Amino acid sequence: NAGVTQTPKFQVLKTGQSMTLQCAQDMNHNSMYWYRQDPGMGLRLIYYSASEGTTDKGEVPNGYNVSRLNKREFSLRLESAAPSQTSVYFCASLQGAWETQYFGPGTRLLVL
Amino acid sequence: AQKITQTQPGMFVQEKEAVTLDCTYDTSDPSYGLFWYKQPSSGEMIFLIYQGSYDQQNATEGRYSLNFQKARKSANLVISASQLGDSAMYFCAMREAVAGYSTLTFGKGTMLLVSP
């Protein structure tokens, strides 16, 4: 039981390049989330998916797209990376609204 | 207005002493949940403790307890008998049900350093 996994762990991009961050969970959770963490800002919600087939914008969705591929997988895509997207990205999942949210190990992204 | 406020950017405590990390929140939703997470230097987010808005008693998990004062909208984390391994960033977070879905809002965190 791996919990929440994320790939890659580290990535360096040039401005304008695109990439997809992958997230998968094996806990049969309905809801999945993408956050970014910047120094002094805490974690901010980018997008979330309450259930398979649905996605919604969070606090900071601009410049990102998501896909809930199936119940296990929730990917985050940067179509044209910008230096402002340099951050640590966390994926998370949970089963019910009042249960603990489990986090992946994070992806460190540097955009030059 | 911020929904979660952590006013202590950094805290220092000696090993074996107790420490309180402050968290205040703002919501008009009668049903909400409050969480504390620990983030060590390795970067992972570790769940520590949860308090529901309707819970009558303060939550406890081992050395962690949550001092929940609903009228003051505060949910302070108390760590008893601090250990060197407690040195980390600590985040308070609140869950509200928005349009039937729950989202988690985080504070900016408090860095705790435990000295020998």
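Residues numbered from 1 in each chain as written. Chains lettered and ligands numbered in written order. Predicted model: local features only at pLDDT ≥ 70, side-chain atom pairs only at ≥ 80, totals over all residues. Heavy atoms only, no water.

Attention now goes to the packing of aromatic side chains. Given two aromatic rings, one states the distance between the centres and the angle between the planes to describe the pair. Under the criterion given, the structure shown has 16 aromatic pairs over all chains. A centroid spacing of 5.1 Å and a plane angle of 50 degrees characterise the contact between Y25(B) and Y32(B), whose relative ring orientation is tilted. The burial state of Y25(B) is the same as that of Y32(B); both residues are buried. Arranged with centres 6.3 Å apart and planes meeting at 65 degrees, the rings of F35(B) and F47(B) form a pair that is edge-to-face. Taken together, the positions of F35(B) in strand β5 (residues 32–39) and F47(B) in strand β6 (residues 46–52) put the pair 12 residues apart, joining distant regions of the chain. Residue F35(B) is classed as buried on the basis of its relative accessible area of 0%. According to the relative accessible area criterion, F47(B) is partly exposed, its value standing at 29%. Three or more aromatic residues joined by ring pairs form one cluster here, namely Y33(A), Y35(A), Y48(A), F90(A), F103(A), F35(B), Y37(B), F47(B), Y50(B), F91(B) and F106(B). (Phe/Tyr/Trp six-rings, centres within 6.5 Å; stacked < 30°, edge-to-face > 60°. Buried < 20%, exposed > 50% of the residue type's maximum accessible area, 1.4 Å probe, protein only. Helix = DSSP H or I, 4+ residues; strand = E, 2+ residues; numbered from the N terminus.)

Now for unusual backbone geometry. Residues apart from glycine generally show negative phi values, whereas peptide bonds are mostly found in trans. Residue and element names in this part refer to chain A. Note the cis peptide between T7 and P8, where omega equals -5 degrees. Position of P8 relative to the elements: it lies in the loop between β1 (4–7) and β2 (10–13). In this structure, N28 takes a positive phi of about 60 degrees despite not being glycine. Its location among the elements puts N28 in the loop between β3 (19–25) and β4 (31–38).

Take the interface of chain B and chain A next. Tallying the contact residues gives 21 residues for chain B and 19 residues for chain A. Between chain B and chain A, the buried area comes to about 1700 Å², and carbon and sulfur atoms account for 60% of it. Taken together, the links from chain B to chain A amount to zero salt bridges. The interface formed by chain B and chain A includes two residue pairs in polar contact (both at pLDDT 80 or more). Those elements that provide at least two residues to the side of chain B that touches chain A are β5, β6, β10 (88–98) and β11 (101–106) of chain B. Among the residues making up the side of chain B that touches chain A, the classes are represented as 11 nonpolar, seven polar and three charged. (Contact = heavy atoms within 4.5 Å. Buried area = accessible area lost by both parts, 1.4 Å probe. Salt bridge = Lys/Arg side-chain N within 4 Å of Asp/Glu carboxyl O. Polar contact = N/O pair within 3.5 Å; in protein donor to acceptor, adjacent residues only side chain to side chain. Nonpolar A, V, L, I, M, F, W, Y, C, P; charged D, E, K, R; others polar.)

A word on the sheet that holds strand β8 (residues 74–78) of chain A. Residue and element names in this part refer to chain A. As summarised here, the arrangement of the four strands in space is β1-β3-β8-β7, forming an open sheet in which the pairing is antiparallel. If you trace the sheet from one side to the other, it starts and ends with β1 and β7 (64–68), each paired once. Across the sheet, the mean angle separating the axes of adjacent strands is 20 degrees when strand polarity is ignored. Two strands pair when backbone bridges link them, and β1 and β3 are joined in this way by four bridges, in the antiparallel orientation. (Pairing = 2+ DSSP bridges. Axes fitted to C-alpha atoms, helices over the stretch in contact; angles between N-to-C directions.)

So, about the pattern of salt bridges. Residues and elements named next belong to chain B. Considering all chains together, one arrives at six salt bridges over all chains under this definition. Put simply, K73 and D26 hold a salt bridge, and the shortest N to O gap is 3.9 Å. Highlighted residues: K73 in the loop between β8 (64–69) and β9 (74–79) and D26 in the loop between β4 (24–25) and β5, separated in sequence by 47 residues. In this structure K73 comes out as partly exposed when scored by relative accessible area, which is 29%. Residue class for D26 comes out partly exposed when judged on its relative accessible area of 37%.

It is worth spelling out the pairing of β6(B) at this point. Residues and elements named next belong to chain B. As paired strands, β5 and β6 are joined by six bridges and run antiparallel to one another. Within β6, the position partnered with Y37 by the bridge is F47. The turn joining β5 and β6, which pair antiparallel and follow one another in sequence, is formed by six residues; a positive phi near 105 degrees is taken by G43.

Another aspect to go through is the layout of surface pockets. Reported here for the second largest pocket is a volume of approximately 270 Å³. In terms of lining, the second largest pocket is formed by 17 residues, of which the most central are Q37(A), D38(A), P39(A), Q39(B) and F91(B). Looking at the lining of the second largest pocket, the elements with two or more residues in it are β4 and β9 (87–94) of chain A together with β10 of chain B. Residues that form the lining of the second largest pocket fall into these classes: six nonpolar, eight polar and three charged. (1 Å grid on protein atoms, 1.4 Å probe; cavity = no way out; pocket = protein on both sides within 12 Å on 5 of 7 lines; lining within 4 Å. Points joined across faces, edges and corners; volume = space filled by probe spheres on them.)

Turning next to a nonpolar patch on the surface. Taken together, the side chains of V12(A), L110(A) and L112(A) present a nonpolar region at the surface, about 280 Å² in accessible area. Considering the arrangement of structural elements, one finds L112(A) in the segment after β11 (107–111). (Patch = residues over 30% accessible without salt bridge, like charges linked within 9 Å, V, L, I, M, F, W, Y side chains within 5 Å. Areas by Shrake-Rupley, 256 points an atom, 1.4 Å probe, with all protein chains shown as cover.)

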